[in-house]
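Observations on the model geometry
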Amino acid sequence: QAKAEGRNRFHYFNEGLQAVAIRRILVESELREAIQKKSFIPYYQPKIDAKTGLLYGAEALVRWGHPTQGMVGPAYFLDIAEQTGLIIDIDRIVIQKACAQHAQWLADHTFDYPIKMAMNISVRHFKDDSFLPMLTELLEKYEIQPSSIELEIVESELVQDTDTAIAVLDELAKMGIDVAIDDFGTGYSSLSYLKQFNVQVLKIDRSFLFDIPESEISSRLFKGMLNLSQSLELPNVVEGVETQAHVEKCLEYNAEILQGYYFAKPLTAQEFANYIPTKFNKGDT
Ligand code: C2E
Ligand code: MG
Ligand code: MG
Ligand code: MG
């Protein structure tokens, strides 16, 4: 709960409970209208293969085309969307649009080779019987290979109901859809769940990188996280790569996939289609 509040940049410390409640009611009704109008738009942030420097894939990140406030990010509405359950409808809109875009790029040969499309979903879908059928339907409708998409689920959410998680993750694995544990290392939970969870990717939280190179302990923790993923033979993605120093640490410790402002912020579909990966020095660290 505290974490969800912390993400909300509109949460002022001097705001009374009443104001919080009023904002909640307002945003909830705005969200309901936005769902009707499908006013949620995926932006796409590039993921780069550290070995080749080539584009590996995209992560779809929701933006809301708000009637008065312009394009707003999840910090504005994600907590309320989660609390009200409206996140289910929002995710469906985002996933549908991202799959349509993915299929379009494949059909147009926008990229020289097929890229991977990652989508964030709330773990709430795991309790929803229509979730897996909806995914199957989407893949069929857009003729998308399950192996070309990936679902990102935040670690702290995933570990809340492990029985359900184990069952749904097994089903997703049977379908051939990869799942990444997002913000890995921030769930404050026992790592033993990794033995039971059928996941394919560890997405290492950006908090491990952000004070590198200043902090030696951060460097060691970061290296430990990458070693862990390598020992488990789970491919890793490093998020929050912002600087040359970050890139160098990633290469030194053999990180696999890199993502962050060093390469690009989340882009519109048009910008993403024209994106050429930022060059970085490989191998000379
Ligand atoms: P996330 O999935 O961990 O995504 C990374 C967030 O960090 C994104 O914020 C991204 O814009 C930002 N970011 C990327 N590179 C950098 C960097 O180098 N430095 C820094 N400081 N930040 C970077 P965004 O788009 O505001 O999304 C926030 C969170 O909201 C996401 O975290 C994800 O958990 C959630 N989210 C986003 N889109 C969706 C969605 O469609 N459905 C659901 N359920 N959750 C979503
Ligand atoms: Mg993510
Ligand atoms: Mg993340
Ligand atoms: Mg996050």
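The name recorded for the chain in an unreviewed UniProt entry is EAL domain-containing protein, from Reinekea marina.

1. Description of the coordination of the magnesium ion (ligand 2)
Distances from the magnesium ion (ligand 2) to its protein donors, E59 (OE), N120 (OD1), E152 (OE) and D182 (OD), fall at 2.0 to 2.3 Å. Read from N- to C-terminus, the donor residues coordinating the magnesium ion (ligand 2) fall into the pattern E-x60-N-x31-E-x29-D. Separation of the magnesium ion (ligand 2) from the magnesium ion (ligand 3) amounts to 4.2 Å, with D182 serving as a shared donor to the pair. Within this pair, whereas E59 is found in strand β2 (residues 55-66), its partner E152 is found in strand β5 (residues 149-154), the two being separated by 93 residues in sequence.

2. Points about the environment of I149
With respect to the element layout, I149 can be found in strand β5. Residue classification places I149 among the buried residues on the basis of a relative accessible area of 1%. With 117 residues separating them along the chain, I149 and R32 place their C-alpha atoms 28 Å apart.

3. Structural notes on the environment of N236
With respect to the element layout, N236 can be found in strand β8 (residues 236-238). When the C-alpha atoms of N236 and G65 are compared, they prove to be 32 Å apart, with 171 residues separating the residues in sequence. Aside from chain neighbours lying at most four places away, what touches N236 is L202, I204, L226, S229, Q230, N254, A255, E256 and I257.

4. As for the site of ligand 1
Near ligand 1, the surroundings consist of 25 residues, among which D91, D182, R206, E242 and Y261 are the closest. A distance of 3.4 Å separates a nitrogen atom of ligand 1 from a polar backbone atom of S122. In the model, an oxygen atom of ligand 1 is placed 2.8 Å from a nitrogen or oxygen of the D182 side chain. Relative to its free-state accessible area of 790 Å², ligand 1 is covered by the protein chains to the extent of 86%. Broken down by secondary-structure element, the contributors of at least two residues to the shell around ligand 1 are β2, α4 (87-108), β5 and β6 (178-184). Of all the elements, β2 adds the most residues to the shell around ligand 1, at 4 residues. Across the shell around ligand 1, the residue classes tally to 11 nonpolar, 5 polar and 9 charged.

5. Observations regarding the coordination of the magnesium ion (ligand 3)
Within the first shell, the magnesium ion (ligand 3) binds the protein through D182 (OD), D183 (OD), E239 (OE) and E239 (OE), at distances of 2.0 to 2.7 Å. In primary sequence terms, the donor set of the magnesium ion (ligand 3) follows D-D-x55-E.

6. What to know about the pairing of β2
Remark: a regular strand shows side chains that alternate across the two faces of the sheet. Taken across its 12 residues, β2 has 10 buried, putting it largely inside the fold. Direction of pairing for strand β1 (residues 40-49) relative to β2: antiparallel, over a ladder of 9 bridges. Residue pairing for β2: K47 is matched across the bridge by G57. As consecutive antiparallel partners, β1 and β2 are separated by 5 residues, and within that stretch G53 has a phi angle of approximately 75 degrees, a positive value. Summarising the sheet, β2 and strand β4 (residues 116-120) pair through 4 bridges and their orientation is parallel. Considered in β4, the bridge of G57 is made with K116. The pairing of β2 with strand β3 (residues 70-72) spans 3 bridges and is antiparallel. Paired with W64 across the two strands is V72, which belongs to β3. What sits between β2 and β3 in their antiparallel hairpin is a turn of 3 residues.

7. Focus: unusual backbone geometry
A cis amide bond links I212 to the next residue, P213, at an omega of 15 degrees. With a phi close to 60 degrees, N254 is a non-glycine residue in the positive phi region. Along the chain, N254 turns up in the loop between α9 (244-252) and β9 (257-258). Residue class for N254 comes out exposed when judged on its relative accessible area of 53%.

8. Regarding the pattern of salt bridges
Evaluation of the coordinates by the stated rule reveals 14 salt bridges. Residue E33 is joined to K37 by a salt bridge in which the shortest nitrogen-to-oxygen separation is 2.8 Å. With E33 and K37 both in helix α2 (residues 17-37), this residue pair falls 4 residues apart, about one helical turn. When salt bridges with common partners are traced through the structure, they connect K47, E59, K116, E150, E152, D178 and K203 into a single cluster.

9. Describing α4
Under the 1.5 Å per step criterion, the end-to-end length of α4 is 31 Å for 22 residues, consistent within 8% with the ideal 32 Å. Among the residues trailing α4, H109 stands out with phi positive, at a value near 50 degrees.

Quick notes on the rules
Residues numbered from 1 in each chain as written. Chains lettered and ligands numbered in written order. Predicted model: local features only at pLDDT ≥ 70, side-chain atom pairs only at ≥ 80, totals over all residues. Heavy atoms only, no water. Donors = N, O, S within 2.8 Å, 3.2 Å for Na, K, Ca; no water. Helix = DSSP H or I, 4+ residues; strand = E, 2+ residues; numbered from the N terminus. Buried < 20%, exposed > 50% of the residue type's maximum accessible area, 1.4 Å probe, protein only. Contact = heavy atoms within 4.5 Å. Near = heavy atom within 4 Å. Polar contact = N/O pair within 3.5 Å; in protein donor to acceptor, adjacent residues only side chain to side chain. Areas by Shrake-Rupley, 256 points an atom, 1.4 Å probe, with all protein chains shown as cover. Nonpolar A, V, L, I, M, F, W, Y, C, P; charged D, E, K, R; others polar. Pairing = 2+ DSSP bridges. Salt bridge = Lys/Arg side-chain N within 4 Å of Asp/Glu carboxyl O. Expected span 1.5 Å × (residues − 1).

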